[in-house]
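# Coordinate analysis (summary)
Next come the chains, spelled out residue by residue.
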Amino acid sequence: MNFARYFNYLLLFPAVLILSCNTEIKDAPVEEHREEEEETIVALTAAQVRTAGIRLGKIEDKQISGTIRVNGLLDVPPQQLVSISAPLGGFLKSTSLLQGSRVRKGQRIATVENLEFIQIQQDYLEAKGNFEFAKADYERQQELAKQNVNSEKTLQQAKSNFTSWQVRYAGLREKLKVLNLNAASVEAGDVRSTINLYSPIDGFVTEVNVNIGKFVNPADILFEIVDTEHLHAELIVFEKDVPKLKIGQRVRFTLANESTERLATVYLIGREISEDRTIRIHCHIDEKDEDLLPGMYLNGVVEAGGALVPALPAEAIVEYQGKKYVFIATEGAPAEKGKEAEESASAADEQRFKIVEVETGNSEFGFIEVTLAGRLEKNSKIVLKGAYALLSAMKNSEEGGHGH
């Protein structure tokens, strides 16, 4: 073989090899891109969409970062929780209260009977008569003293007697008030063996500890009434989070076995660290709800700062092969290339969803921060419910060897 011709072959072979490699490199990304694009699209018919319960929505701004997690319970101020007792004891003669009964301020809630009530009224009438007599005698002795008719000792005795009956009369009159007995009625001769107990506030009965005929002592609590209109949230905060607290901060909380989020505002911060290194804060609840009861447990967060962040419901985000994804409804339903005409026509009734990878951040109350939401447009129609159904459809499609 001619050496020159052999040398030309050697030069030509690398050129052909390079050209072949360039062609493969140029064509490979196109094919790979098409395959990746095919695998990220899931198509469902309208019937399948309804069956899967798919619901679309958009990214929302939620304040998730910069919060303090808390727990606690609903409570009422001391002045809104009233314990009812009988001032001097007696037998419970009547009551119509049951737990949960609503009462109004000034409403009669029970009647108590005791013969001692009669004695108190008799003592009052006696004291009233003696007081009036002593008063008249003292005034008469004063006039006589001015005329030097009586001695100073007689005047002092009249004054002492008057003062003594005045104090006794005033004391028994106050005792009648405590017993809810009308002094004017007693003076008119209306002496009773029973007294009525009245509700001092509007509210609901939370405890009934007596029954008809039972003897009750002054120290016994017959009923408890709570005014739920002034419920507040009493929350427990760990010592490390105390510096973050401020009056007026917003609180978001949910009750046990309830998904509805409620709002409150911090209005009082405790000044004593307990043995478990926590303090208590008190919060006003924004909206009144008669269904709320003292003692209900709650979980929540105190918004201690931080900006609003884009977030999605937890069920909108799926995990696949160690990564987090969401599905987006694509605009239109273009027919696939290479399909027959009837298949292309049926595709027009399909709804297509594209899977998009995202990164997540903090989560609260069923919402998860989407830290790379910039990959999604603000008005993207995201699958908020039914995302796992789409993921299952995508997996089945891949296992069947189809593109979507």
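Residues numbered from 1 in each chain as written. Predicted model: local features only at pLDDT ≥ 70, side-chain atom pairs only at ≥ 80, totals over all residues. Heavy atoms only, no water.

## Comments concerning the sheet that holds strand β10 (residues 203-208)
Defined as follows: For two strands to be treated as a pair, DSSP must find at least two bridges joining them. Helical segments are the DSSP runs of H or I of at least four residues, strand segments are the runs of E of at least two, and each set is numbered from the N terminus.
The strand order across the open sheet built from 4 strands is β5-β12-β10-β7, with neighbouring strands paired in antiparallel fashion. Pairing within the sheet leaves two strands with one partner each, and these edge strands are β5 (81-84) and β7 (102-103). With 2 bridges connecting them, β7 and β10 associate as antiparallel partners. Its bridge partner being in β10, R102 is matched across the sheet by F204.

## Some thoughts on the environment of I328
Our working rule: Contacts: residue pairs with any heavy atoms within 4.5 Å of one another.
Mapping I328 onto the fold places it in strand β20 (residues 323-329). Residues I328 and R352, spaced 24 residues apart in sequence, show a C-alpha to C-alpha distance of 8.4 Å. Setting aside its immediate chain neighbours within four residues, I328 contacts R352, F353, K354, V356, L376, S380 and K381.

## Concerning helix α3 (residues 116-146)
Note the threshold: Working rule for helices: expected span equals 1.5 Å times residues minus one. In this scheme, a residue with accessible area under 20% of its type's maximum is buried, one over 50% is exposed, and one in between is partly exposed, where area comes from a 1.4 Å probe on protein chains only.
Under the 1.5 Å per step criterion, the end-to-end length of α3 is 45 Å for 31 residues, consistent within 8% with the ideal 45 Å. Turning to α3, its buried residues are F117, I120, Q121, D123, Y124, A127, K128, F131, A134, D137, Y138 and Q141. Buried positions along α3 lie against β8 (108-113), α4 (152-178), α5 (183-187) and β9 (194-198). Count one or two residues on from α3 and you reach N148, which has phi positive near 55 degrees.

## Thoughts on the pattern of salt bridges
Definition in use: When a carboxyl oxygen of Asp or Glu is within 4 Å of a side-chain nitrogen of Lys or Arg, the pair counts as a salt bridge.
Scanning all chains against the criterion turns up 17 salt bridges. R140 is paired through a salt bridge with D137; the nearest N and O atoms lie 2.6 Å apart. With a gap of 3 residues between them, R140 and D137 both fall in helix α3, about one helical turn apart. Take R140: its relative accessible area is 44%, and that puts it in the partly exposed class. Look at D137 and you get buried, because its relative accessible area is 17%.

## Thoughts on the side chain of R262
Threshold: Pairs of N or O atoms within 3.5 Å make up the polar contacts considered here, provided that, within protein, one atom can donate a hydrogen while the other can accept it, and that residues adjacent in sequence are counted only when both atoms are side-chain atoms.
Tracing the sequence through the fold places R262 in strand β15 (residues 262-269). Relative accessible area serves as the criterion here: at 16%, R262 is assigned to the buried category. Only 3.4 Å separates the side chain of R262 from the side chain of D289, close enough to count as a polar contact. Contacts of R262, omitting those with residues within four sequence positions, involve V251, R252, F253, L255, D289 and L292.

## Side note on the side chain of Q121
Following the sequence through the fold, Q121 ends up in helix α3. Side-chain polar atoms of Q121 contact the backbone oxygen of F117, separated by 2.9 Å. Once residues within four sequence positions are removed from consideration, Q121 is found in contact with L176, L181, V186, D190, V191 and R192.

## Focus: the sheet that holds strand β14 (residues 250-255)
In plain terms, the rule: An axis is simply a line fitted to the C-alpha atoms; with a helix, the fit covers only the stretch in contact. Between two such axes, the angle follows the N-to-C directions and lies from 0 to 180 degrees.
Spatially, the 6 strands close up into a barrel ordered β4-β13-β16-β15-β14-β17, and their pairing is antiparallel. Going across the sheet, the axis of each strand differs from the next one's by a mean of 40 degrees, ignoring polarity. Bridging between strand β4 (residues 67-75) and strand β17 (residues 297-303) involves 7 bridges; their strand directions are antiparallel. In the strand pairing of β17, R69 is matched with V301.

## Some words on the nonpolar core
The line we're drawing: For this analysis, a nonpolar core means a set of buried residues of the types Ala, Val, Leu, Ile, Met, Phe, Trp, Tyr and Cys, connected via side-chain atoms within 4.5 Å.
Ranked by internal contacts, the top residues of the largest apolar core, which has 35 residues, are I109, L197 and F223. At the level of elements, β5, β8, α3, α4, α5, β9 and β12 (223-226) are the ones that each hand at least two residues to this core. When residues in this core are grouped by element, the largest group, 7 residues, is from α3. When residues no more than four places from it in sequence are discounted, the contact partners of F223 are V82, S83, I84, T95, L97, I109, A110, E207, V208 and V210.

Just distances and angles here, no functional claims.
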